[in-house]
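What follows is each chain in one-letter form.
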Amino acid sequence: MEGLIAVGLLLFLMIVGVPVAWSFAGVLAYLSFAYDANFNTLMLQGYRSIDSVILIALPLFVLTGYLMQSGGIAHRLVDFIEVLVGKRKGGMGASMVLASGIFGAIAGTATAAVASIGTIMIDPLEKRGYPRGYSSALLGISSLLGILIPPSITMILFAVVTRQSVAACFAASIGPALLLIAGLILMNRFNVGRLFEEVSAGAKDGMEELPGKGIATLRALPALSLPIVILGGIYGGICTPTEAAAIAAFVAILIGFFIYRDLTIKRLGSSVVAAAETTGTVILILLFSFMIGRILASERIPQELTETITSLVKDPLMILIAVNIFLIITGMIMDDVSVTVVVAPLFMPLMIASGVDPIHYASIVACSVVIGANSPPVAPILYMACRIGKVSIHQSVMPAIKLMVFVGMPVMAVTSFVPELSLFIPKLLGLM
Amino acid sequence: MIVRFFTALDKKIGWVLNAAALISSLMLVGLMLFLVLARYVFGWSIVGLLEVIMLFGMWLYMVGGLIASRKREHLVVDFVQTNIQDQQIRRLHQAFLSLVTLVITGFFVYLSYRMLKWGMRRPQHTPGLSIPLWIPQSAILFASVGCALYALRDLIQSIIGNDTHLLVAHEPAESAIEEDR
Amino acid sequence: ATLKMATDSGAKGSPAGDTLERWADLIEKGSNGEIDVKVFYQNELGSQNEVFDLHVAGDVDVMLNWPMTSYDKRIGVIYTPYMTLSWEEAIKAYSPGGWVNNMLGGIYADLGLKFFGPWPEGFNGVATRGKYATNIAEADGLKVRTMTVFPAPQTMQALGYQTAAIDWGEVYTALQTGVVDGEAGNVIYWDYEYFRDQLDYYVRSKHFFMTGVLSMNAESFEDLSEAHQAIVADAAKQVMMQQFKAAKTADELYVKKAEEAGMKYFELSDEQIKVFARAAREKVWPLMDEEIGSEIMGTIRNNATKL
Ligand code: NA
Ligand code: NA
């Protein structure tokens, strides 16, 4: 009952226009009184949740994104991408998906791709005819490739809690990631000319003339060195992903100041402040949703819901379908960390009993996070994409739901019912 | 007269907040780089550096959140707002939102206060450098109080019918970003 | 009455998780169902810090925790390097009436916690990939991740290693990519369980005797009737005594499992251990005098294994 009131309150506050962060805080207030939470430790738990070394990658990658924009890096990259794929139907949308995939191999979270890819590509996409709401929705779901493609903080958390091999969990979600990439590119191509008209490169008035292939590539080389610095840093054993985020910000400053010379002290200052503001809005939402998650977990709400499902459904296939649906629904109303750490592991014994391999289940959970993080009301990644894309949320919700229904859920279904998609790579690598 | 005073005050506060965001961001990047250099290039083991980094991180988070309150740039689902045509109703709606926000941020202030109060009874320190936990935690109290005050500002403005955001020296948030390229 | 029971390390089905289940069961059965125990495993209520916060505040009544020094530096005594060198000595010191047990009981009481007893895991070691070290010279250039708690990094540095602070969630990737060469300071169980595909060697350096602590929030304890207090305390004693017997066997089992998984395991000679012990005592103990007071360190100096 309290759960239903909480969901209702959240929807009400958000829909009338209370800022999302304060809507969450309002629900937190309701739940803390309903469940008689301890006010000595409630905010302390919130503080602990955001006081995380891994989370520090967030402001750093947000900053890198803004610096790539103000330092001229994004501009050169976009020119380069346009020259390469711009002529193809749906090319710009596809390159945002691919770029997110590449970023996913750099960072363990989705936020990195949202911040960096979003600041670089949403404007050019708009010039090419893509509505901002659509681009932001596409960005939101593409960025989740960051948790499907290793390294992935979600998979680490899941492996730690369920005592599975992290390497095997990492490898398991690569297959679904490739499927998601293909699905998104196809869906985007299908949408061109149906949802919106694509403007071909250089056709629209006021758009700059595109440079030749050679010149565009040459100009983009310093910009392209940035992912190489990040990837080389991580896979070369120089730094952790979080540290790589700081190196990326620093290198972006260097390139902006000394190579492209688009960056000035003043622009650096306003980029840093704008990045801090974006970070702050996201962190406050995270802070309150973490605290809500804590209250629910300590009341065993998710656990009890699970037990109810278990008692209702008996057939293995039906159980798999029920778990899928349950993960999607909890993903809608809880943050991804709570789903990964609290809800998903509860089904583990049930999954094993139904003949589902734990590693296979890990990749099902990863797929559910892709959907959950973009499904309102609790859709932090979609909201962040809207923030970066400077578009109001309601313009993004419909395109996001369509992408979820026509791409995200089918990918999750294939992942669920074709175990080999997940297990092929772990087996190939000798991890199971 | 009063308006001019508040406008000047707001500008000063804005300057201080921006400076705090700038300093904590640059410290974050700089110290993190130093951490990598120390470990990878020089082979030094520096105990507790991450604790300082996290300290600046927490202040960055909270100052960032406060800047967003000051500029009214918190993430909003705004389709009700954009669909109200009538000026009077729009003001009423704005007043209602500000009031709700004020009450909720008041709760935020209370929670932060209780955290610090409990922290005085059971003080904690970081393991490496013994940094007292109230230093990063007070960033949260600071932000909560600031956000509540800005909610109060918004409420007053919507009541006195000031739609032009007179009390905010309106600086384009992302001037550098939005410049036409 | 309803009691919330939690652990900061140990999922359902792990040795620590099994202990919680048994402890809860003993309490419920012992009280004929008058006490209802709600069990929360690793991460269910948050991170290690968070769960301990809840314990100190009384939201988690009963807990199996791995000592954290954020509230009181003196808890760090449990991480005094080379305090005891053999299982026999360690078990004696940590058993009720033993000198470490008495010392910890007093410190926990000052935090508002009732100390039931330790839950020993065994001696720790250093797990690495690529290369390994059995003496201080070999450790030169080996980068290992340690706990951040004082004096864990300082101890590893005294043994010749370079240390790095890496968040537990990033350890796996850091090992995989070579940001660090190893993970130092845990009993072999954790390295086997989480990182066995990344690690090649485990050297039992024995610098800490690792143990969890069974404790209860003092106010929660006072709220129980005397009969119920006795039931909870007796149940704690039972799982503790069981662990005293089981710990060594479990540790040996995981050594075997690690070897089967392809890890190379090194047990050091008394002489090798003594060289490590001398270095750590010389460099780290004076630091501990400053941090946790010479009074406690005096007790340790009087009781520690003679070299
Ligand atoms: Na990734
Ligand atoms: Na969601």
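Residues numbered from 1 in each chain as written. Chains lettered and ligands numbered in written order. Predicted model: local features only at pLDDT ≥ 70, side-chain atom pairs only at ≥ 80, totals over all residues. Heavy atoms only, no water.

Looking at an unreviewed UniProt entry, chain A carries the name TRAP transporter large permease protein, with the source organism given as Pontibacterium sinense. Per UniProt, the comment on chain A under Subunit (unreviewed entry) is "The complex comprises the extracytoplasmic solute receptor protein and the two transmembrane proteins." Recorded in UniProt under Function (unreviewed entry), the annotation for chain A is "Part of the tripartite ATP-independent periplasmic (TRAP) transport system." (UniProt positions renumbered as here; feature names shortened; annotations may be inferred.)

Chemist: If you had to explain the overall build of chain C to someone new, which residues and values would you point to?
Modeler: Along chain C, the regular secondary structure elements total twelve helices and eleven strands. For a compact globule of 307 residues, the expected C-alpha radius of gyration is about 19 Å, and chain C comes in at 19 Å, within 12% of that figure. When each of the 307 residues of chain C is scored for burial, the buried share is 63%. A separation of at least 24 residues holds for 75% of the contacts in chain C among residues at least 6 apart in sequence. Carbon together with sulfur atoms contributes 47% to the accessible area of chain C, which is approximately 11000 Å² in total. Put simply, chain C has 28 plus and 44 minus side-chain charges, and the middle of one group is 6 Å from the middle of the other. (Helix = DSSP H or I, 4+ residues; strand = E, 2+ residues; numbered from the N terminus. Rg over C-alpha atoms; globule rule 2.2 N^0.38 Å. Buried < 20%, exposed > 50% of the residue type's maximum accessible area, 1.4 Å probe, protein only. Contact = heavy atoms within 4.5 Å. Areas by Shrake-Rupley, 256 points an atom, 1.4 Å probe, with all protein chains shown as cover. Lys, Arg positive; Asp, Glu negative; His and termini not counted. Charge placed at Lys NZ, Arg CZ, Asp CG, Glu CD.)

Chemist: Could you give me a rundown of the interface of chain A and chain C, with the residues and numbers involved?
Modeler: Where interface size is given, it is often the accessible area lost as the parts come together that is meant. In this assembly, 35 residues from chain A lie in contact with 37 residues from chain C. Note on chain A versus chain C: buried area summed over both sides is about 3000 Å², and carbon and sulfur give 55% of it. Along the contact surface separating chain A from chain C lie two salt bridges. When the shortest N-O distance is used, the salt bridge between Arg294(A) and Glu50(C) registers 2.6 Å. (Buried area = accessible area lost by both parts, 1.4 Å probe. Salt bridge = Lys/Arg side-chain N within 4 Å of Asp/Glu carboxyl O.)

Chemist: Break down helix α8 (residues 132–143) of chain A for me, with residues and values.
Modeler: All names here are of chain A. Taking 1.5 Å of rise per residue, the twelve residues of α8 would be expected to cover 16 Å, and the 16 Å separating its terminal C-alpha atoms lies within 8% of that figure. The buried count for α8 comes to twelve of twelve residues, which makes it a mostly enclosed element. Among the residues making up α8, those that are buried are Arg-132, Gly-133, Tyr-134, Ser-135, Ser-136, Ala-137, Leu-138, Leu-139, Gly-140, Ile-141, Ser-142 and Ser-143. (Expected span 1.5 Å × (residues − 1).)

Chemist: Can you break down the interface of chain A and chain B residue by residue, with the values?
Modeler: Between chain A and chain B, the contact holds 74 residues from the first and 64 residues from the second. Counting the surface lost from both chain A and chain B, the interface buries some 6200 Å², and carbon and sulfur atoms represent 73% of this. Considering only the side of chain A, the residues that lose the most area to chain B are Trp22(A), Tyr47(A) and Glu277(A), jointly responsible for 11% of the buried surface there. Seen at the junction of chain A and chain B, the total is three salt bridges. The tally of links from chain A across to chain B stands at five residue pairs in polar contact (both at pLDDT 80 or more). Here the element with the most residues in the side of chain A that touches chain B is helix α15 (residues 265–298) of chain A; it accounts for 18 residues. Partitioning the side of chain A that touches chain B into residue classes produces 44 nonpolar, 20 polar and ten charged. (Polar contact = N/O pair within 3.5 Å; in protein donor to acceptor, adjacent residues only side chain to side chain. Nonpolar A, V, L, I, M, F, W, Y, C, P; charged D, E, K, R; others polar.)

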